[in-house]
Structures are given as C-alpha cells and as structure tokens.
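Chain residues, written in single-letter form:
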Amino acid sequence: MGSGLAGKAVLITGATGFIGRHLVARLLEAGARVKVVVREARAGDAARLWPGADLFQVVADLMDRDLPDHVCDRVDTVFHLAGYAHAEDANDPRVADVHRRITVEATRSLLAQ
C-alpha cells in the first residue's frame, strides 16, 4: 500500500472476512484511519483480529435499510467487501434474496450516505 493512504479515513465493510481482514491490516500499516462496519454478532472480532489497533468500529447490519447516519461521516474512501458467501446454502431459494440485499441494497444504502 502506498503512503498516499497515511492519514486518510477509510471505511471497510466485510472487514472480518478473508479479504477484509488482510486489507484492514495493510491499511493500518500504511497509517490510514480505519473504520470498520461489523454485525453485532462479530462486534468482538475487531479486538481479536487487530489487538491494540487504533480503529473505529461501527456495529450495524448492512441488510437493514436504515444504516446509522454516521457510518460514512468523515470518510475519504469506502471498500465495500461485505457479501454472503455460504456455498452450502446454494440450493436454498432464500439465498438469492440475501445476495440481492447485501450486494444491491447495502450498496445503495452506503451510496446514499
């Protein structure tokens, strides 16, 4: 990561996922001010994944249409990595709705902010 990120405020959805956790680590190394959006069930993961890191955590469910107003406050860049990746559910007809809500609706909610 280039030094151009030093001091920049970066928001990451999907931060506790495979790609997100590596991205957060690199952004912290680069000196970015990192804000992560995590579901309530994952709220303790930030302290475990990045112990002692100076990052801000927003607990919110991106599948809710009403995200907290402050999610994107003072953010320079957004990495929207949140997704639904549970292959074992592939034959479940409800999965398409979950994919649409997290991929389309969550993206719209973030853009609206």
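This one's a predicted model, so the numbers in the text were calculated from it and none came from an experiment.

**Structural notes on a negative patch on the surface**
A surface patch of negative charge is lined by Asp61, Asp64, Asp66, Asp69 and Asp73. Mapped onto the elements of the fold, Asp64 is located in the loop between β3 (55-59) and β4 (77-80).

**Things to note about the environment of Pro51**
By the secondary structure assignment, Pro51 is in the loop between α2 (45-49) and β3. The spacing of Pro51 and Ile12 is 39 residues in sequence and 17 Å in space, taken between C-alpha atoms.

**Some words on the pattern of salt bridges**
Enumeration according to the criterion identifies four salt bridges in this entry. In this structure, the salt-bridge partner of Arg42 is Asp45, at a minimum N-O distance of 3.1 Å. Glu105 is the partner of Arg108 in a salt bridge, and the nearest nitrogen-oxygen pair spans 3.2 Å. With Arg108 and Glu105 both in helix α3 (residues 95-112) and three residues apart, the pair spans about one turn of that helix. Its relative accessible area of 52% is what places Arg108 among the exposed residues. For Glu105, a relative accessible area of 16% corresponds to the buried category. If you follow the salt bridges from partner to partner, you end up with Arg42, Asp45 and Arg48 in one network.

Thresholds, definitions, all that
- Residues numbered from 1 in each chain as written.
- Predicted model: local features only at pLDDT ≥ 70, side-chain atom pairs only at ≥ 80, totals over all residues.
- Heavy atoms only, no water.
- Patch = residues over 30% accessible without salt bridge, like charges linked within 9 Å, V, L, I, M, F, W, Y side chains within 5 Å.
- Areas by Shrake-Rupley, 256 points an atom, 1.4 Å probe, with all protein chains shown as cover.
- Salt bridge = Lys/Arg side-chain N within 4 Å of Asp/Glu carboxyl O.
- Lys, Arg positive; Asp, Glu negative; His and termini not counted.
- Charge placed at Lys NZ, Arg CZ, Asp CG, Glu CD.
- Helix = DSSP H or I, 4+ residues; strand = E, 2+ residues; numbered from the N terminus.
- Buried < 20%, exposed > 50% of the residue type's maximum accessible area, 1.4 Å probe, protein only.

All quantities given are derived from atomic positions and should not be read as evidence of function.
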